[in-house]
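What follows is each chain in one-letter form.
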Amino acid sequence: MTHRIGHGAGTISRTARHPGGAAVAAAVLLALTATTAGCKAQPANGSPAATSSPPKASAPATDDAKPAAAASKPAASPTPSATPKPDPQGKTLMATGSQGKQVRELQARLRQIGHFDRTPTGYYGTLTVAAVQSFQGKRGLSRTGRTDTLTWQKLLAMTRKPTAAELNPPTSRPVAEPDKRCLTGRVLCISKNSRTLSWMIDGRVVSTMDVRFGSQYTPTREGTFSIYWKSRHHVSTIYHTAMPYAMFFSGGQAVHYSADFAARGYSGASHGCVNVRDEGKIAALFDQVRTGDKVVIYW
């Protein structure tokens, strides 16, 4: 009798010359099955695919399988995660996005020693980050741009308490001579040439502040207008950006606070509005201006 055992791509043939031929064929099949059990498929990402139960210990190892002794080796214990070290420069006191009186004091103190060449705004933007990095680099500190405990202490030791004029200077630029249309009544007198806004009542300057205008593609309109609507917490429906303390004077153009102006200065432009970068000043102006007050924008 001839027995054929099909496995893989070939067939094994053996002629049984005695009654135990069937048993011999079965033994050959068992040995061949045990020999091929070590082959494992690898998916495209190189990770081993799930396999069936491993062969018995009595099965011979192949080139693809680890020896039984190696397989029984206990796995190494995971390395415990290292405890993060505290920042050697201390706790962060102010950083990008911070606002308020302490930021204004920081800017004024940095200005005293030549690291900040702008009017203090009370907003911690890219210019303040650069100024803090400059100060930190000169003092051998990590140039993080954040005002941490050590940076603040060193700055306090090198500077004096800012005066009221240093904290709230009128403007960073000379105020222009007011247009003759600004000399009567309640007027927001805005000069494109000097980039300043003067709040005037009957020819008297009440307050002044720096302003920024639209680009050549979205210019701020010139002429005489009046405030027709005020919106303290306004958000642009066109650009979806915040316009706090907005005082609209011509269509969608308004005088309002700009965090971008506070952060980047004159390197940017508005979409036609008159931007103010000092939030404290625009907040005070918003409370004083009434609907119907005049707006004059001129060169």
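Heads up: the structure comes first, above all this text.
Residues numbered from 1 in each chain as written. Predicted model: local features only at pLDDT ≥ 70, side-chain atom pairs only at ≥ 80, totals over all residues. Heavy atoms only, no water.

**Some thoughts on the pairing of strand β13 (residues 294-298)**
Just so we agree on the cut-off: Buried, partly exposed and exposed residues are distinguished by accessible area as a fraction of the type maximum, computed with a 1.4 Å probe on protein chains only: under 20%, between the cut-offs, and over 50%, respectively. Only DSSP runs of H or I covering at least 4 residues are called helices, and only runs of E covering at least 2 are called strands; the numbering of each starts at the N terminus. Should DSSP find at least two bridges between two strands, the strands are regarded as paired.
Of all the five residues making up β13, four are buried; the element is thus mostly covered by neighbouring parts of the structure. Here five bridges tie strand β5 (residues 186-191) to β13, and the two strands are oriented parallel to one another. Considered in β13, the bridge of Cys189 is made with Val296. As defined by bridge partners, strand β8 (residues 223-226) adjoins β13 across four bridges and the pair is classed as antiparallel. Pairing of Ser226 across the sheet is with Lys294, part of β13.

**Some points on the pattern of salt bridges**
Short version of the rule: Each salt bridge in this description consists of a side-chain nitrogen of Lys or Arg and a carboxyl oxygen of Asp or Glu lying within 4 Å of one another.
If you walk through the whole model with that rule in mind, you get 10 salt bridges. Taking the shortest distance from any N to any O, the salt bridge between Lys192 and Glu222 comes out at 3.3 Å. One end of the pair, Lys192, is in the loop between β5 and β6 (196-201); the other, Glu222, is in the loop between β7 (204-212) and β8, with 30 residues separating them in the sequence. With relative accessibility at 12%, the residue Lys192 sits in the buried group. The partly exposed category is assigned to Glu222, whose relative accessible area is 43%. A salt bridge links Asp260 to Arg212; the shortest N-O distance between them is 3.1 Å. Of this pair, Asp260 sits in helix α7 (residues 259-264) while Arg212 sits in strand β7, and the two are 48 residues apart along the sequence.

**Digging into unusual backbone geometry**
With a phi angle near 55°, His240 is a residue other than glycine that sits in the positive phi range. Non-glycine residue Tyr245 carries a positive phi angle of around 55°. Within the element layout of this structure, Tyr245 appears in strand β10 (residues 242-250).

**Quick notes on the pairing of strand β11 (residues 253-257)**
Remark: a regular strand shows side chains that alternate across the two faces of the sheet. Filter applied, for reference: Note on handedness: a clockwise path from strand one over the helix to strand two, with the strands aimed away from the viewer, defines a right-handed crossover.
In terms of residue burial, β11 counts as a mostly covered element, since five of its five residues are buried. Going residue by residue along β11, you find Gln253, Val255 and Tyr257 tucked away on one face and Ala254 and His256 tucked away on the opposite face as well. As paired strands, β10 and β11 are joined by three bridges and run antiparallel to one another. The residue bridging Ser250 from the neighbouring strand is Gln253, located in β11. Counting the residues between successive antiparallel strands, the hairpin from β10 to β11 contains two residues, one of them, Gly251, with a positive phi of roughly 60°. As paired strands, β11 and strand β12 (residues 274-276) are joined by three bridges and run parallel to one another. Residue pairing in the sheet places Val255 in a bridge with Val274 of β12. Traced from β11 through α7 to β12, the parallel crossover comes out right-handed.

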